[in-house]
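Survey of secondary and tertiary structure
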Amino acid sequence: MINWYPGHMAKAKRKLEESLKLIDVVIELLDARIPMSSRNPDIDEILEDKKRIIALNKMDLADRKITKAWTKHLSQIAPTIAINSLNGQRVNLIINQAQNLMTKKLDKLVEQGRKKRDIRMMIVGVPNVGKSQLINQLSQRGSTRTGNRPGVTRGQQWVKIRDGFELLDTPGILWPKFEDEEVGFKLAATGAIKEDIYDAETIAYKLLKILKVMIPDTLEDRFNLDYVSNDTLTLMEDIGRKRGCLMTGGKVDRERTGNIILQEFRKGELGRVSLELPEDR
């Protein structure tokens, strides 16, 4: 069972909790392929009644129909938008939604004779979910760091992303343990966990066991296989031979093969694959 909670993650969580009082809207960034597994189980308690937008990132790697179903399902919690932070697809919808969420509050400030201020946002999510890419897309390259504000832990920076919006740049957070081994597996398979924490061969084997059922034709085409074996170990070795992952004596290097399978899955070279359905939860 993967059980990982490095010190900087605990520190990041504390920073998040300290900073929330300055934030108007939180963007909860999830991996569209594994929305529930990439959610911090403590996030609802941490955010409480804070205004929130859920962004399903990496929509280009996930099954379209399943992502649509997740969007509908998660919209019961907060406004939910599927995005691609790599190319900026649909990212502007986050800005529009944040504006909608804050309209009444900002109008009330004006009615009270107070100056209309910027909407302050923050992105939270597990590592490698695309937070930095989203910041770059929101800032439209012209970001300006406005320095530390009073009450904010040193090192956290405000970024002026667009007219009327500021973003607090904070690190992603992960939880102290995975109650369900499936969560750890899915995070490892999608690249949210550093490679030295888990065994690539084991994770790839488990992933391949799922993929051979979901996308057998894709596996056959991608790895130039004669057929997709029902036996997962045999299938992994067939892939290894096709990719030249051989050791002395012609034995298949399963660790190297596993890394190839994981890398191609993460890059979307095995097609759009979602590992979770709303009805699974």
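Concerning the overall build of the protein chain
When its secondary structure is counted, the protein chain shows ten helices and seven strands. Taken across its 281 residues, the protein chain has 50% of its residues classed as buried. Partitioning the intrachain contacts of the protein chain with sequence separation of at least 6 by distance along the chain shows that 68% fall at a separation of at least 24.

With respect to helix α9 (residues 232-242)
Every buried residue of α9 is accounted for by Thr 232, Leu 235, Met 236, Asp 238, Ile 239 and Gly 240. Along its buried surface, α9 packs onto α7 (200-214), α8 (216-222) and α10 (254-266). Once α9 ends, the next one or two residues include Gly 244, with phi positive near 75 degrees.

A few points about the nonpolar core
One finds Met 121, Leu 134, Leu 138 and Leu 219 to be the most contacted residues of the largest nonpolar core, which totals 57 residues. With residues up to four places along the chain from it excluded, the contact list for Leu 134 reads Ile 27, Leu 29, Ile 83, Ser 85, Val 91, Ile 94 and Ile 123. Judged by nonpolar contacts, the second largest core, of 13 residues, contains Leu 16, Leu 20, Met 122 and Ile 173.

A few points about the confidence of the model for the protein chain
Reading fine detail from the predicted coordinates is not recommended where pLDDT is low. With 87% of its residues at a pLDDT of 70 or more, the protein chain shows a mean pLDDT of 86. Of the regions scoring below 50 in pLDDT, residues 142-154 engages in 31 contacts with residues more than four places distant in sequence or in other chains.

A closer look at empty space enclosed by the protein
One pass over the full model with this rule turns up two cavities of 30 Å³ or more. Looking at the largest cavity, its volume works out to about 60 Å³. Glu 28, Leu 29, Leu 30, Ser 38, Arg 39, Asn 40, Ile 43, Val 124, Gly 125, Val 126 and Ile 173 together form the lining of the largest cavity. Broken down by element, the residue count for the lining of the largest cavity peaks at three residues, all from strand β1 (residues 25-31).

As for the layout of surface pockets
Of the pockets and cavities examined, the second largest pocket occupies roughly 260 Å³. Lining the second largest pocket are 15 residues, and of these Lys 58, Leu 61, Asn 128, Gln 133 and Arg 266 lie nearest its centre. The residue inventory of the lining of the second largest pocket, partitioned by class, reads two nonpolar, eight polar and five charged.

Remarks on the pattern of salt bridges
Taken as a whole, this structure holds 18 salt bridges when the rule is applied. Residue Asp 24 is joined to Lys 105 by a salt bridge in which the shortest nitrogen-to-oxygen separation is 3.8 Å. Separated by 81 residues along the polypeptide, Asp 24 in the loop between α1 (7-19) and β1 and Lys 105 in helix α4 (residues 92-111) bring together distant segments of the chain. Owing to a relative accessible area of 41%, Lys 105 belongs among the partly exposed residues under this scheme. In this structure, the salt-bridge partner of Glu 264 is Arg 243, at a minimum N-O distance of 2.5 Å. Taken together, the positions of Glu 264 in helix α10 and Arg 243 in the loop between α9 and α10 put the pair 21 residues apart, joining distant regions of the chain. When its relative accessible area of 8% is taken as the criterion, Glu 264 is described as buried. According to the relative accessible area criterion, Arg 243 is partly exposed, its value standing at 29%. Among the charged side chains, a network of salt bridges with common partners joins Glu 201, Glu 237, Asp 238, Arg 241 and Arg 254.

Examining the packing of helix α6 (residues 181-190) against α10
Orientation of α6 relative to α10, taken along the N-to-C sense of each, is 80 degrees, at an axis distance of 8 Å. Here α10 runs roughly perpendicular to α6, going by the angle between their axes. Taking contact as the criterion, the partners of Ala 188, Ala 189 and Thr 190 in α6 are, on α10, Leu 262, Phe 265 and Arg 266. Counted by class, the contact of α6 with α10 contains four nonpolar, one polar and one charged residues.

Structural notes on α4
Look at α4: 28 Å from first C-alpha to last across 20 residues, which is about the 28 Å you get at 1.5 Å a residue. At Met 102, α4 shows its maximal bend, which comes to roughly 50 degrees.

Observations concerning the pairing of strand β7 (residues 165-169)
Counting buried residues along β7, four of its five residues qualify, which places the element largely inside the surrounding structure. Both strand β6 (residues 157-162) and β7 contribute to a ladder of five bridges, which runs antiparallel. Within the sheet, the bridge partner assigned to Val 159 lies in β7 and is Leu 167. Where β6 hands over to β7, the hairpin turn is made up of two residues, of which Gly 164 adopts a positive phi near 90 degrees.

Regarding a negative patch on the surface
A cluster of acidic side chains, namely Glu 17, Glu 18, Glu 45, Glu 48 and Asp 49, defines a negative patch on the protein surface. Counting through the fold element by element, Glu 45 comes out in helix α2 (residues 43-47). Looking at Glu 45, the relative accessible area reads 63%, which means it is exposed.

Scoring rules and cut-offs
- Residues numbered from 1 in each chain as written.
- Predicted model: local features only at pLDDT ≥ 70, side-chain atom pairs only at ≥ 80, totals over all residues.
- Heavy atoms only, no water.
- Helix = DSSP H or I, 4+ residues; strand = E, 2+ residues; numbered from the N terminus.
- Buried < 20%, exposed > 50% of the residue type's maximum accessible area, 1.4 Å probe, protein only.
- Contact = heavy atoms within 4.5 Å.
- Core = buried A, V, L, I, M, F, W, Y, C linked by side-chain atoms within 4.5 Å.
- pLDDT = per-residue confidence, 0-100.
- 1 Å grid on protein atoms, 1.4 Å probe; cavity = no way out; pocket = protein on both sides within 12 Å on 5 of 7 lines; lining within 4 Å.
- Points joined across faces, edges and corners; volume = space filled by probe spheres on them.
- Nonpolar A, V, L, I, M, F, W, Y, C, P; charged D, E, K, R; others polar.
- Salt bridge = Lys/Arg side-chain N within 4 Å of Asp/Glu carboxyl O.
- Axes fitted to C-alpha atoms, helices over the stretch in contact; angles between N-to-C directions.
- Parallel < 35°, antiparallel > 145°, perpendicular 65-115°, else oblique.
- Expected span 1.5 Å × (residues − 1).
- Bend = angle between axes of the 7 residues up to and from the residue.
- Pairing = 2+ DSSP bridges.
- Patch = residues over 30% accessible without salt bridge, like charges linked within 9 Å, V, L, I, M, F, W, Y side chains within 5 Å.
- Areas by Shrake-Rupley, 256 points an atom, 1.4 Å probe, with all protein chains shown as cover.
- Lys, Arg positive; Asp, Glu negative; His and termini not counted.
- Charge placed at Lys NZ, Arg CZ, Asp CG, Glu CD.

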